[in-house]
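Residue-level structural notes
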Amino acid sequence: MRLRSVAALTAALLLTLAGCSSGSPASQPSPTPTTKPVLSDPIDLDYLSSIIVDDGVGRALVTDWNAQKVRAIDAKGTELWSMPTRVDDERGGAEAYSVGDTVVIHDYSGKTAAYSWADGTERWAYTLPGGSESCHMPEGFGPQTTGTDPILGDGELILLSYYGAIEEPGCQPTSANGNLTVVALDPKTGKEAWPALSVGPKSRTFGGARVNISPDRSTGYLSWEDDGDSALTRIDLGSGKHSTISLEQARSVDDTEFDYYDVMPTTEADSALYVYGTDDPDDPMSSAVTRAAVLDLPAGPSPASSPVMAIADTTAEATMTDTFDPVCTVDLQFTPKGEATCVQPQLYASAIKYQGTYGGLKAWEADAPEAAFDSIGFPGAPQTAPVDGPEGPLLIVPGLESGVDALDARTGVTVWSAGDPRTVGEVESEDDGQFGMPWGGQGVIPELGLVVVTDAGWTRFYDSATGKTVSERKESEFAALSSGRRFVLVSDEDSTTMWAVVDR
């Protein structure tokens, strides 16, 4: 089906620059814009791809999965440059961030480098120390940003955090101090923004646990084991100053007998969520029932003078209380305006519910379909992104009685519903923990006020304020969507359909 025109929608979004009053004869009126942003017609790419990041202007970096390359393209789909990339079966392809006229790429090879958006010229490169014999191998580091968007602003850093778990017998420490764990890079120069942090040679991190960042993006929380004792380090992300406390006594409420746990910060600086009971990365359904406790944190000890993290000799103990209130214990997601949101499905004895917050300790609940687990329930699930609505942030999720529900991120109340009612499929095998029809992904085009969802054989563009369908296109059942600020890609087997915001 052809895309219907969105000109009427976008015309209302244009900003006309007002001129000065007649009382200022020396001032000239500002020119009236001669272009307006609109959604392009669909563009066919002859390779299977997904977007990594765009620059918010008119260029995007995409992964060509079959060729194992990253390609920089423009809004017409024209290739600007390309290069080979490392494709990891578990973590996917490269990750990247846009910084002015450069794109910073981390491909899990141990190298992070910045390239010119225009022609792919390398601007800087940073290589993690160590090799295959290291206890913390360079390939075990993954990137994240201290900002809320992959298009980085002034002062925002790229963190390279080690999130492996298994250390081979006889492995070598990264340095005499221990094992490198967190590196902060200035994305404009590739230099370390503050001294890199390590754990001692007898300490270890937990697999899959990167630095959890507070909703205000000021503090990082790292859970790990300090020579056999449960530890929590809080890191000032502006300076790298850090302090570590013991959680050994507080963990007495944890009856799982597993070493693994995680601590998720909230909008309450003195309290966090201790998350446990989700210990088996090979069993996705182990995350379907989450247990949590409220962790009351003491004031941190004085910042450590050493870059090696260790439990302070004298510090007040944290306390913890098991909670059966609704909580949201997954990473925060941010709207284009930077508003924090959190949503996850939770399996109860006879129901599935969404649990969500605005970043606080206690979550609201809303009824959810089985298909919720396909979209946001498991690691590696298709993309989902919150939206800035007229009255506040909205969460776009599979609907209980419709294809899509937009939930108020503050209350869980349904603001609008759209799409076809969902037909729930059968679980294909005993080992298949997912339910229902596939959710192919969801994105946001903030400049046009659009939500885009690929689900159950359709890609649909919705007005983010009302849920009205603006355009739609038939897809295969297993089409997958990825998006940036100005680009949407829907991939299907060996080809991809792209839409871009263009100025006309």
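Criteria and cut-off values
- Residues numbered from 1 in each chain as written.
- Predicted model: local features only at pLDDT ≥ 70, side-chain atom pairs only at ≥ 80, totals over all residues.
- Heavy atoms only, no water.
- Helix = DSSP H or I, 4+ residues; strand = E, 2+ residues; numbered from the N terminus.
- Areas by Shrake-Rupley, 256 points an atom, 1.4 Å probe, with all protein chains shown as cover.
- pLDDT = per-residue confidence, 0-100.
- Contact = heavy atoms within 4.5 Å.
- Pairing = 2+ DSSP bridges.
- Axes fitted to C-alpha atoms, helices over the stretch in contact; angles between N-to-C directions.
- Phe/Tyr/Trp six-rings, centres within 6.5 Å; stacked < 30°, edge-to-face > 60°.
- Buried < 20%, exposed > 50% of the residue type's maximum accessible area, 1.4 Å probe, protein only.
- Lys NZ or Arg CZ within 6 Å of the ring centre and 35° of its normal.
- Salt bridge = Lys/Arg side-chain N within 4 Å of Asp/Glu carboxyl O.
- Disulfide = S-S within 2.5 Å.
- Patch = residues over 30% accessible without salt bridge, like charges linked within 9 Å, V, L, I, M, F, W, Y side chains within 5 Å.
- Lys, Arg positive; Asp, Glu negative; His and termini not counted.
- Charge placed at Lys NZ, Arg CZ, Asp CG, Glu CD.

The name that an unreviewed UniProt entry assigns to the protein is Pyrrolo-quinoline quinone repeat domain-containing protein, with the source organism given as Brevibacterium metallidurans.

1. Details of the overall build of the protein
Across its full length, the protein carries 2 helices and 39 strands. Element-wise, carbon and sulfur atoms account for 49% of the exposed surface of the protein, whose accessible area totals about 22500 Å².

2. Section: the confidence of the model for the protein
Per-residue confidence for the protein gives a mean pLDDT of 86; residues scoring 70 or more make up 86%. Taken as a whole, residues 1–27 scores under 50 in pLDDT and shows 42 contacts with residues more than four places along the chain or in a different chain.

3. Regarding the sheet that holds strand β7 (residues 95–99)
Sheet strands pair by backbone hydrogen bonding; their relative direction is either parallel or antiparallel. Here we have 4 strands laid out as an open sheet, ordered β7-β8-β9-β10, and antiparallel in their pairing. Looking at strand neighbours, the two that pair on one side only are β7 and β10 (122–127), the edges of this open sheet. The mean inter-strand angle of the sheet, taken between neighbouring strand axes irrespective of direction, is 15°. Examined bridge by bridge, strand β9 (residues 111–116) and β10 share 5 bridges and lie antiparallel to one another.

4. Quick word on the sheet that holds strand β33 (residues 439–445)
Spatially, β33-β34-β35-β36 is the arrangement adopted by the 4 strands of the open sheet, whose pairing is antiparallel. Strand pairing shows two members of the sheet lacking a second neighbour, β33 and β36 (469–474), which therefore form its edges. Across the sheet, the axes of successive neighbouring strands diverge by a mean angle of 15°, strand direction being ignored. Summarising the sheet, strand β35 (residues 458–463) and β36 pair through 5 bridges and their orientation is antiparallel. Residue Thr-459 lies in a different strand from β36, and its bridge partner there is Arg-473.

5. As for the packing of aromatic side chains
Applying the stated criterion across every chain, the model contains 8 aromatic pairs. Taking 5.3 Å as the distance between ring centres and 70° as the angle between the ring planes, the aromatic pair formed by Phe-461 and Trp-499 counts as edge-to-face. Taken together, the positions of Phe-461 in strand β35 and Trp-499 in strand β39 (residues 495–503) put the pair 38 residues apart, joining distant regions of the chain. With relative accessibility at 0%, the residue Trp-499 sits in the buried group. An aromatic cluster is present here, built from Phe-206, Tyr-260, Tyr-261, Tyr-274 and Tyr-276 joined pairwise through their rings. Lying over the aromatic face of Tyr-47, Arg-71 brings its terminal NZ or CZ to 4.9 Å of the ring centre. Just above the ring of Tyr-163 sits the side chain of Arg-210; from NZ or CZ to the centre is 4.8 Å.

6. Observations concerning the pattern of salt bridges
Under the criterion given, the structure shown has 19 salt bridges. Linking Arg-486 and Asp-503 is a salt bridge whose minimum nitrogen-to-oxygen distance equals 3.2 Å. You can see Arg-486 sitting in the loop between β37 (480–483) and β38 (487–492) and its partner Asp-503 sitting in strand β39, a full 17 residues away along the chain. By relative accessible area, which is 6% here, Arg-486 ends up buried. You can call Asp-503 partly exposed: its relative accessible area is 44%. Here the salt bridges do not stand alone but share partners, grouping Asp-64, Arg-71 and Glu-79 into one network.

7. Some words on the state of the cysteines
Scanning the model with the defined rule gives 2 disulfides in all. Each sulfur in the disulfide pair Cys-135 and Cys-171 lies 2.1 Å from the other. Measuring handedness by torsion sign, the sulfur bridge of Cys-135 and Cys-171 sits at about 95° and is right-handed. Separated by 36 residues along the polypeptide, Cys-135 in the loop between β10 and β11 (141–145) and Cys-171 in the loop between β12 (158–162) and β13 (179–185) bring together distant segments of the chain. Cys-171 matches Cys-135 in its accessibility class, with the two residues each being buried. Note on cysteine connectivity: Cys-328 is disulfide-linked to Cys-342, with sulfurs 2.0 Å apart.

8. Comments concerning a negative patch on the surface
A cluster of acidic residues, Asp-227, Asp-229, Glu-248 and Glu-317, forms a negative patch on the protein surface. By the secondary structure assignment, Asp-227 is in the loop between β17 (219–226) and β18 (229–236).

9. What about the pairing of strand β26 (residues 340–347)?
Of all 8 residues in β26, 7 are buried; the element is thus mostly enclosed. Count of turn residues in the strand β25 (residues 333–334)/β26 antiparallel hairpin: 5 residues, of which Gly-338 carries a positive phi of about 95°. Here β26 folds back onto strand β27 (residues 352–357), and the loop between the two strands holds 4 residues.

10. With respect to the pairing of strand β19 (residues 242–246)
With 5 of 5 residues buried, β19 is to be regarded as a mostly interior element. Burial of the side chains of β19 extends over both faces: His-242, Thr-244 and Ser-246 are buried on one face and Ser-243 and Ile-245 on the other. Note: β18 against β19, 5 bridges, orientation antiparallel. Bridge pairing in β19 places Ala-231 opposite Ser-246. In this antiparallel pair of consecutive strands, β18 and β19, the connection spans 5 residues, and Gly-240 shows a positive phi of 85°.

11. Some thoughts on the environment of Gly-277
Position of Gly-277 among the secondary structure elements: in the loop between β21 (271–276) and β22 (291–296). Spatially, the C-alpha atoms of Gly-277 and Tyr-260 are 8.6 Å apart, while their sequence positions differ by 17 residues.

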